Amino acid sequence: MQSNTHELAQVAATAQAVEAGTGRVNLYAGIHKALRAFMADTLLAVGRTDPADAQEVAATRERLGTLLDLCAAHVRHEDGFVHPAIEARSPGVVEGVADEHAGHLAQIARLRAMADGLDGLAPAACALALQNMYLALALFVAENLQHMHTEETVHNTALWQAFSDAELVGIHDGLLATVPPAEMMLVMRWMLPQMNAPERLELLGGMRQGAPAPVFQVVLDGARAQLAERDWAKLARGLGLAPVDGLVMA
Ligand SMILES: [Fe+2]
């Protein structure tokens, strides 16, 4: 009964936060869609890795390493830019979540050690190691899903109350200026297909204004290769590119 009350309160609080963010700049929405997708995809890849196939095990290990690098970088970006901003104007709001960030870095280190431990294992031992890693990664993903929920409701509400959209864009620009190109491309690879069409158009429309033309072209080519035909058609139409033949939009 108590947990039911708690769940209903959480649903209501979430709806309130979503409502408060209508039409506002959302610092978390895009990158968190990318992280949720990359985490889920990697978890599933670990689960289906054949322990007797050394090539597959190596590929899974590399994929997990890339995910963990991105998760660690994400924690650094939030700690470096978003949390100080929230703390400056809404003291105390980020305290619990800052501790969770420290916990995530410890979990990332443990998962890295587990991935390194796969090296050279015989199939039977590898099967056990993979299963352990799969379960540990599942918990890491579960914690991150909870954590991102808090950020997108509690943190966002604090940001929307204390900052104008222009200030939020300023925080985001400062953060983006520290992101290396390879990390940016990785994020695009996971973010673009998982955004909805209006979000995708807004992101790429802004990038066309701000980024050098060759960089924009690479991102656009990547989007074309990844997106479903319908999504690509919407994007191309929105950007004023050549129409996609044979696709009728409702
Ligand atoms: Fe975070």
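Residues numbered from 1 in each chain as written. Predicted model: local features only at pLDDT ≥ 70, side-chain atom pairs only at ≥ 80, totals over all residues. Heavy atoms only, no water.

It is worth spelling out the side chain of Asn144 at this point. Secondary-structure assignment places Asn144 in helix 5 (residues 123–162). For Asn144, the residues in contact, after removing those within four places along its chain, are Met39 and His104. (Helix = DSSP H or I, 4+ residues; strand = E, 2+ residues; numbered from the N terminus. Contact = heavy atoms within 4.5 Å.)

Attention now goes to the pattern of salt bridges. Within the structure shown, the criterion is met by nine salt bridges. Note that Arg61 and Asp116 form a salt bridge whose closest N and O atoms lie 3.2 Å from each other. Here Asp116 lies in helix 4 (residues 95–116) and Arg61 lies in helix 3 (residues 54–89), a separation of 55 residues in the sequence. Relative accessible area serves as the criterion here: at 25%, Arg61 is assigned to the partly exposed category. Across the salt bridge formed by Arg112 and Asp69, the nearest N and O atoms sit 2.8 Å from each other. Of this pair, Arg112 sits in helix 4 while Asp69 sits in helix 3, and the two are 43 residues apart along the sequence. The class of Arg112 is partly exposed, set by a relative accessible area of 30%. A single network of salt bridges, built from pairs that share partners, joins Arg61, Asp116 and Asp119. (Salt bridge = Lys/Arg side-chain N within 4 Å of Asp/Glu carboxyl O. Buried < 20%, exposed > 50% of the residue type's maximum accessible area, 1.4 Å probe, protein only.)

The subject of this paragraph is the coordination of the iron ion. Protein-derived ligands of the iron ion are Glu78 (OE), His101 (NE2), His147 (NE2) and Glu151 (OE), with the metal-ligand distances lying across 1.9 to 2.3 Å. Of note is the iron ion, whose four donor atoms meet at the metal with angles of 82 to 166° in an arrangement that counts as irregular. Sequence spacing of the donors to the iron ion: E-x22-H-x45-H-x3-E. Here His101, found in helix 4, pairs with His147, found in helix 5; they are 46 residues apart in sequence, far enough to count as distant. Residue classification places His101 among the buried positions, given a relative accessible area of 1%. A residue is classified by how much of its surface remains accessible, and His147, at 3% relative accessible area, is buried. (Donors = N, O, S within 2.8 Å, 3.2 Å for Na, K, Ca; no water. Tetrahedral: all angles 85-135°; square planar, octahedral: opposite > 155°, others 65-115°.)

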